[in-house]
Amino acid sequence: MSEEKSCDLECAICFSNYNNVFRAPKVLNCGHTFCLECLARMNMKSNVAEAILCPLCRDLTVVPKDGLPKLGNDPNILSCLPEAMQRIHSIHFSRDKGMLFKKGSRSQRMKEKKKVKTFFVSTVSQSLDVGHPAEPDSHRQQDQSCCWWSHNKWFIIVTIFVILMFVGLLISSIWFFMGR
Ligand SMILES: [Zn+2]
Ligand SMILES: [Zn+2]
C-alpha cells in the first residue's frame, strides 16, 4: 500500500465523484476505498449483513456496530474534495428498508427532503431488484410447466389414442392370420 495516493476522486464501482453525503469515500480494512452508496448496495445484495467483501481483493471488512456509515473516511480523498465538502455529513443506513438517511437538524432535513427522497427511490428499486431474484424465476418455471401441459394436452391424448389403435389393429390382424 503506497502512502502517496493521487487524488482519484472517482469511486471504482460507480465511477461517480465522491462527495460528503451519500458518496462519502469509505476505506475498507484492505485499504481500498469505495463510496458509501456502493457499499450500501453491495451490503443489500450480500447475504451477510455484518461484513463487506471488497470487490477488488475479496478481503472481508466487518461492518461497524453502529452501521456502515461509521466506516472510516479516506483522508486522502477528503483532502482533495472542495473545502465546503471536507466535513462528512452524518448518514444512517437502514438495511431493512434498503435506504440511506441523511441525519441533520430539522430545518436542514426539511430542506434536504426532496433530494433525499429521489435518492431513496433509486436505491430501493435497484437493491430490491437484485435482492430477490430467485422468487420470480421459480414462478416462471411453474407457469411454464403448467402451460406446456395445457398446450400439448390434446396432442398427447391423440398420440396415445393413435398408438392404441395401431396396437389393436396389429393384434386383431395377427389374430386373423393365426385363425386362418
Ligand atoms: Zn460508488
Ligand atoms: Zn480490497
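It should be emphasised that the depicted structure is a prediction, and the values quoted were computed from it without experimental measurement.

A. Representation of the state of the cysteines. Summed over all chains, the structure comprises 1 disulfide. The disulfide partner of Cys7 is Cys80, and the gap between their sulfur atoms is 1.7 Å. A torsion of -65° about the S-S bond marks the disulfide between Cys7 and Cys80 as left-handed. Here Cys80 lies in helix α2 (residues 75-80) and Cys7 lies in the segment before β1 (25-27), a separation of 73 residues in the sequence. Cys80 sits in the partly exposed class, given a relative accessible area of 22%.

B. Quick look at the coordination of the zinc ion (ligand 2). Around the zinc ion (ligand 2), the protein supplies Cys30 (SG), His32 (ND1), Cys54 (SG) and Cys57 (SG) as donor atoms, at distances of 1.9 to 2.3 Å. Each of the 4 donor atoms bound to the zinc ion (ligand 2) contributes to angles spanning 104 to 116°, and the resulting shape is tetrahedral. Judged by its relative accessible area of 24%, His32 is partly exposed.

C. Representation of the coordination of the zinc ion (ligand 1) within the structure. For the zinc ion (ligand 1), the full set of protein donor atoms is Cys11 (SG), Cys14 (SG), Cys35 (SG) and Cys38 (SG), and the range of their distances to it is 2.2 to 2.3 Å. Between consecutive donor residues of the zinc ion (ligand 1), the sequence gaps follow C-x2-C-x20-C-x2-C. Note that Cys11 is positioned in the segment before β1 and Cys35 in strand β2 (residues 33-35), a separation of 24 residues in sequence. Each member of the pair, Cys11 as well as Cys35, carries the same accessibility label: buried.

D. The arrangement of the nonpolar core in detail. Counting residues in hydrophobic clusters, the biggest one holds 23 residues, and the most contacted among them are Leu28, Leu39, Ile52, Leu68 and Leu100. Counting residues per element, this core draws most heavily on helix α1 (residues 36-45), at 6 residues. Once you skip the residues sitting within four places of it in the chain, Leu39 turns out to touch Lys26, Leu28, Phe34, Ile52, Leu68 and Leu71.

E. Summary view of the packing of aromatic side chains. Scanning the model with the defined rule gives 1 aromatic pair in all. An angle of 75° between the planes, with centres 5.8 Å apart, marks the rings of Phe176 and Phe177 as edge-to-face. Taking the relative accessible area as the measure of exposure, Phe177 reaches 55% and is therefore exposed.

F. Fine view of the pairing of strand β5 (residues 91-94). As judged from the 4 bridges shared by β5 and strand β6 (residues 99-102), these two strands associate in the antiparallel manner. The residue bridging Phe93 from the neighbouring strand is Leu100, located in β6. Following β5, the chain reverses through 4 residues before pairing antiparallel with β6; Gly98 in that reversal takes a positive phi of roughly 70°.

G. Spatial organisation of α1. For α1, the buried fraction is high: 9 of the 10 residues fall into the buried class. Residues of α1 that are buried: Leu36, Glu37, Cys38, Leu39, Ala40, Arg41, Met42, Asn43 and Met44.

H. Summary view of a nonpolar patch on the surface. A surface patch of nonpolar side chains, amounting to about 290 Å² of accessible area, comprises Val158, Val162 and Phe166. The topology assignment puts Phe166 in helix α4 (residues 134-179). Of the residues examined, Phe166 reaches a relative accessible area of 58% and is grouped as exposed.

I. A look at the environment of Cys38. Tracing the backbone shows Cys38 in helix α1. C-alpha separation for the pair Cys38 and Cys11, spaced 27 residues apart in sequence, amounts to 8.4 Å. Contact partners of Cys38, with chain neighbours within four places excluded, come to Cys11, Ile13 and Cys14.

J. Just the pattern of salt bridges, in detail. Under the counting rule described, the total for this entry stands at 2 salt bridges. The shortest N-O distance in the salt bridge between Glu37 and Arg23 comes to 3.3 Å. Within this pair, whereas Glu37 is found in helix α1, its partner Arg23 is found in the segment before β1, the two being separated by 14 residues in sequence. Of the charged contacts, one joins Glu37 and Arg41 as a salt bridge, the two residues approaching to 2.9 Å between their closest N and O atoms. Of the two residues, Glu37 and Arg41 are both situated in helix α1; the distance of 4 residues between them amounts to about one turn of the helix. In this structure Glu37 comes out as buried when scored by relative accessible area, which is 7%. A residue is classified by how much of its surface remains accessible, and Arg41, at 17% relative accessible area, is buried.

Basis of the calculations
Residues numbered from 1 in each chain as written. Chains lettered and ligands numbered in written order. Predicted model: local features only at pLDDT ≥ 70, side-chain atom pairs only at ≥ 80, totals over all residues. Heavy atoms only, no water. Disulfide = S-S within 2.5 Å. Helix = DSSP H or I, 4+ residues; strand = E, 2+ residues; numbered from the N terminus. Buried < 20%, exposed > 50% of the residue type's maximum accessible area, 1.4 Å probe, protein only. Donors = N, O, S within 2.8 Å, 3.2 Å for Na, K, Ca; no water. Tetrahedral: all angles 85-135°; square planar, octahedral: opposite > 155°, others 65-115°. Core = buried A, V, L, I, M, F, W, Y, C linked by side-chain atoms within 4.5 Å. Contact = heavy atoms within 4.5 Å. Phe/Tyr/Trp six-rings, centres within 6.5 Å; stacked < 30°, edge-to-face > 60°. Pairing = 2+ DSSP bridges. Patch = residues over 30% accessible without salt bridge, like charges linked within 9 Å, V, L, I, M, F, W, Y side chains within 5 Å. Areas by Shrake-Rupley, 256 points an atom, 1.4 Å probe, with all protein chains shown as cover. Salt bridge = Lys/Arg side-chain N within 4 Å of Asp/Glu carboxyl O.

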